[in-house]
Amino acid sequence: MFFLLCVLLLQGCAFTSAGKEQPITLNIWHVYGAQTDSPLNDFIRTFNETVGKEQGIQIEVSMVSNNKNIHKDILASANHDPGAAPLPDIFVAYPKTVLALPDENILVDYRDYFTEEELSAFLPAFLQDGEVNGRLVCLPVAKSTELLYINRTAFDRFSAATGVPLSQLATWEGLYSAARTYAAWTDSQTPDQPHDGKALLVHDFHFDYFQVGVQSLGESFFDGKAIAFGPAFEKVWAPYAAACLSGGVWLRDGYATDPLRTEDAIVSVASSASVLYFSDEVIHPDNTTEQIQLTVLPCPVFANGEKMVMQRGAGMCTVKSTPEREKAAVTFLKWLTEAQRNTSFAVSAGYMPVTREAFDRYLPQEIENLTEQKYRELYKAFQQTQQDYTFYSAPQLESYLETESAFEEQIRRCLRNERDAYRAGQEQTDASLENMVKQSYGLFKDLMQP
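Residues numbered from 1 in each chain as written. Predicted model: local features only at pLDDT ≥ 70, side-chain atom pairs only at ≥ 80, totals over all residues. Heavy atoms only, no water.

J.: How would you summarise the side chain of Ser272 if you had to cite specific residues and measurements?
T.: Within the secondary structure, Ser272 sits in the loop between strand E11 (267-271) and strand E12 (281-283). On the basis of relative accessible area, Ser272 is assigned to the buried category, the value being 0%. With sequence-adjacent residues up to four places away left out, Ser272 is seen in contact with Ser144, Thr145, Leu147, Tyr149, Gly350, Leu378 and Phe382. (Helix = DSSP H or I, 4+ residues; strand = E, 2+ residues; numbered from the N terminus. Buried < 20%, exposed > 50% of the residue type's maximum accessible area, 1.4 Å probe, protein only. Contact = heavy atoms within 4.5 Å.)

J.: Please give an account of the sheet that holds strand E16 (residues 315-318) that cites residues and values.
T.: Within a beta sheet, neighbouring strands are joined by backbone hydrogen bonds and run either parallel or antiparallel to one another. Across the sheet, five strands lie side by side as E2-E1-E3-E16-E6; this open sheet has mixed pairing. Either end of the sheet is taken by a strand with one partner, and the two such strands are strand E2 (57-64) and strand E6 (139-140). As judged from the four bridges shared by strand E3 (residues 90-93) and E16, these two strands associate in the antiparallel manner. Note that in E16 the partner of Val92 across the bridge is Met316. Along the sheet, helix H13 (residues 323-336) makes contact with strand E1 (24-30), E2, E3, E6 and E16, crossing E1 at roughly 55 degrees. (Pairing = 2+ DSSP bridges. Axes fitted to C-alpha atoms, helices over the stretch in contact; angles between N-to-C directions.)

J.: Could you give an account of the packing of aromatic side chains, naming the residues involved and the relevant values?
T.: How two aromatic rings sit relative to each other is set out by the distance from centre to centre and by the angle between their planes. Counted under the stated rule, the structure contains 42 aromatic pairs. On the numbers, 5.6 Å between centres and 75 degrees between planes, the contact of Phe155 with Phe158 is edge-to-face. Pair noted here: Phe155 and Phe158 are both in helix H8 (residues 152-162), with a separation of three residues, about one helical turn. What makes Phe155 buried here is its relative accessible area of 1%. Look at Trp237 and Tyr441: their rings are 5.8 Å apart centre to centre, the planes differ by 65 degrees, and that puts the pair in the edge-to-face class. Here Trp237, found in helix H11 (residues 231-245), pairs with Tyr441, found in helix H18 (residues 430-448); they are 204 residues apart in sequence, far enough to count as distant. Here Trp237 and Tyr441 have matching classes, each one buried. The cationic tip of Arg312 hangs over the ring face of Phe205; the distance from NZ or CZ to the ring centre is 3.9 Å. (Phe/Tyr/Trp six-rings, centres within 6.5 Å; stacked < 30°, edge-to-face > 60°. Lys NZ or Arg CZ within 6 Å of the ring centre and 35° of its normal.)

J.: Residues and numbers for the pairing of strand E15 (residues 308-312), please.
T.: Taken residue by residue, a regular strand's side chains alternate between the two faces of the sheet. A large share of E15 lies buried, amounting to five of its five residues. The pairing of strand E7 (residues 144-151) with E15 spans two bridges and is antiparallel. When the sheet's bridge partners are listed, Ser144 is paired in E15 with Arg312. Judged from the three bridges that link them, E15 and strand E17 (residues 390-392) form a sheet pairing that is parallel. Bridge assignment links Met308 to a residue of E17, and that residue is Thr390.

Here it is in structure tokens:
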């Protein structure tokens, strides 16, 4: 009897060490929300209490941050920098982070764990964006894009006074023309204070505007690692620079949500995920507040160009370890990307789901259940974008991040200086503006070329 009891105890210990009481625990770093208020954290808790509990898998969130910080911390961990935390089992990253790793082969290729049938459920452009050197290393779980946000309350006042219709904002040419009109209209309201007109538009991603714009007109934005500066770039430059020099485009640093909150601008192009930070009220200079209607539309396009928009949103990377740990990570990711669940997660975080079934079957249902008007607007714009637009994926260049940062800094500074020079000039005619547009193009081109 004593011997039998010992055998049973040993069997119980073996079960404990390999089974549910001591599960495989995986660490994750992600960007969806704040550490204490994250939609993904809520879904992780559900996974841990259900499938994770059944299969002996527990996901632990050890960092919630933004893409920039996670990029920096992942590289520090991969390079074994002093004080850096060990690499997590799963982390959110763009392909540019993978390209910057000392060895990209430390990551799982998801084609080893997903069947072709399973992968065919994803939108092809989203999968393609996660491939690096022929390996699928960034699995899409939620995607974003760029949309047009409009303070409809303020825009309607402008429209009533000037006749500029909302439909004019569907093209870049129309939007920049409206921006010039808005700057002149707001300037005219204070005749004793010259050159105090306001910007209509604030764009969070000037680099994306040019990159996607050039590509949509049938030319390549890059020539190798350098910017091509071809005829299409000049075509994209002309209406944009004219609006900037006229004061119709916001050229300060910071995110679009800030000037819209104070009505220093009333239209923005920003990430769809930033809907979380757009306010339903504005604060005027006299500290009074006004409730506004926020309208969300697909991103503008060039009149003669392809309907194309930047694809945003990182993917989930899994670090190679053991077959058991890798399989556990993939079990969680397959659970998170199941169509109905993925739709619920994406909507809760302000993102797009990643599968066809999610878009076609479940997203319309989720939209009907939304109570906030700005989210209903957002997801209707998402649906139209997914239906009508091509998602553009940025090229995988090691120098991409450096080029992007230099472009954003130089273009704002260059056009701020040129705008001041234009305003200080003796004449402000269409001819003088056209000359300044050409001059500013040459200056910026020289700044960006090595």
